[in-house]
Structure formats: C-alpha cells, structure tokens
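# Analysis of the macromolecular model
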Amino acid sequence: MTDLTFHEVTKANVARCARWHRGGMNDWSVADWAVAMAGEAGEVCNAVKKLRRVEDEIANISDPDRQLSTRAEAVKKIGEEIADTFLYLNLLAVRLGIDLSSEVVEKFNATSVR
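The text that follows walks through the structure, step by step, so that each part is easy to find.

Cut-off values and rules
- Residues numbered from 1 in each chain as written.
- Predicted model: local features only at pLDDT ≥ 70, side-chain atom pairs only at ≥ 80, totals over all residues.
- Heavy atoms only, no water.
- Salt bridge = Lys/Arg side-chain N within 4 Å of Asp/Glu carboxyl O.
- Helix = DSSP H or I, 4+ residues; strand = E, 2+ residues; numbered from the N terminus.
- Buried < 20%, exposed > 50% of the residue type's maximum accessible area, 1.4 Å probe, protein only.
- Patch = residues over 30% accessible without salt bridge, like charges linked within 9 Å, V, L, I, M, F, W, Y side chains within 5 Å.
- Areas by Shrake-Rupley, 256 points an atom, 1.4 Å probe, with all protein chains shown as cover.
- Core = buried A, V, L, I, M, F, W, Y, C linked by side-chain atoms within 4.5 Å.
- 1 Å grid on protein atoms, 1.4 Å probe; cavity = no way out; pocket = protein on both sides within 12 Å on 5 of 7 lines; lining within 4 Å.
- Points joined across faces, edges and corners; volume = space filled by probe spheres on them.
- Nonpolar A, V, L, I, M, F, W, Y, C, P; charged D, E, K, R; others polar.
- Contact = heavy atoms within 4.5 Å.

## A word on the pattern of salt bridges
- Scanning all chains against the criterion turns up four salt bridges.
- Note that Glu-80 and Lys-76 form a salt bridge whose closest N and O atoms lie 3.5 Å from each other. In this pair, Glu-80 and Lys-76 are both assigned in helix α3 (residues 71-96), four residues apart and thus about one turn of the helix distant.
- Using a relative accessible area of 53% as the deciding quantity, one classes Lys-76 as exposed.
- Note that Lys-77 and Glu-81 form a salt bridge whose closest N and O atoms lie 3.0 Å from each other. Pair noted here: Lys-77 and Glu-81 are both in helix α3, with a separation of four residues, about one helical turn.
- Under the relative-accessibility criterion, Glu-81 is labelled buried at 3%.

Here it is as structure tokens:
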C-alpha cells in the first residue's frame, strides 16, 4: 500500500483490526485504544532520546536488539513508531466515531486562520 488517503488507511486499519480483535473495534474500550496510542508515542520519545544520545556521542546502553547506534537507525525507528502511533490514533478515532481526516482539515484550517 502506498499513497493512501485517510479514508483508505482507515478502511485497511479497521479491517486488519477485525482480524486481531474478535469483537472488532468494541473489543477494546476507548481507554484501551488511547493507552495503546500513548504507548506508541512513548516509543517515539524513546527513539528520539536515543537519537539525542547519538548526536551528543553519549553511549546508548541497551539490549543489542534495541540498540540505535547511528542517526539513520534512530530516524528510521522514529518513523516506524510515529506510524504506529498514527495507526492507533486512527483506531481511537474510529472507536469514537470521529472522522479523523475531517477533524485534521478543520483544525489545520482554524489554526491557519489564527
């Protein structure tokens, strides 16, 4: 999948979710989806912390499988975790019946006017 619209991502994300959650979107509470999203955002921050250590030439002491030794590795990991955060954010919005694309456009436009 490439060059997806918000609606295409949502459709594919919800379909994938249905394979993992027998009860579909309602299998988890709103709080469950929010916590999953926040967990992924925390992983973004952890990768950013490791990027900062790389940039400052401070040793990253981690399990070898979790080590980020170069800027490129750290930026790649940050991108992966941002994507995970977005996908959970998207499922949270669906769980609440929020059209994320409309909300993003509306908020962007309102902020732009200010």
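So, next bit.
## Thoughts on a nonpolar patch on the surface
- Together, Val-30, Leu-96 and Ile-98 give the surface a local cluster of nonpolar side chains, amounting to about 220 Å² of exposed area.
- Among the structural elements, Ile-98 can be located in the loop between α3 and α4 (100-113).
- In this structure Ile-98 comes out as partly exposed when scored by relative accessible area, which is 37%.

## Considerations on the environment of Glu-57
- Relative to the helices and strands, Glu-57 is located in the loop between α2 (30-55) and α3.
- In the structure, Glu-57 is positioned 12 residues away from Ser-69 in sequence and 9.6 Å away in space, judged by C-alpha atoms.

## Comments concerning the nonpolar core
- Val-44, Ala-47, Leu-51, Leu-68, Ala-74 and Ile-78 form the largest nonpolar core, which has six residues in total.
- Looking at this core, the elements that each hand over two or more residues are α2 and α3.
- The element that contributes the greatest number of residues to this core is α2, accounting for three residues.
- Within the second largest apolar cluster, five residues are counted, among which are Cys-17, Met-25, Leu-91 and Leu-92.

## Some details on the layout of surface pockets
- Empty space within the largest pocket amounts to approximately 170 Å³.
- Contributing to the lining of the largest pocket are Asn-13, Arg-16, Cys-17, Trp-20, His-21, Trp-28, Trp-33, Glu-40, Asp-84, Leu-87, Tyr-88 and Leu-91.
- Classifying every residue of the lining of the largest pocket gives seven nonpolar, two polar and three charged.

## What about the side chain of Thr-85?
- Along the chain, Thr-85 falls in helix α3.
- Not counting residues within four places of it along the chain, the set of residues in contact with Thr-85 comprises Met-37, Glu-40, Ala-41 and Val-44.

That is the geometry; function is a separate question.
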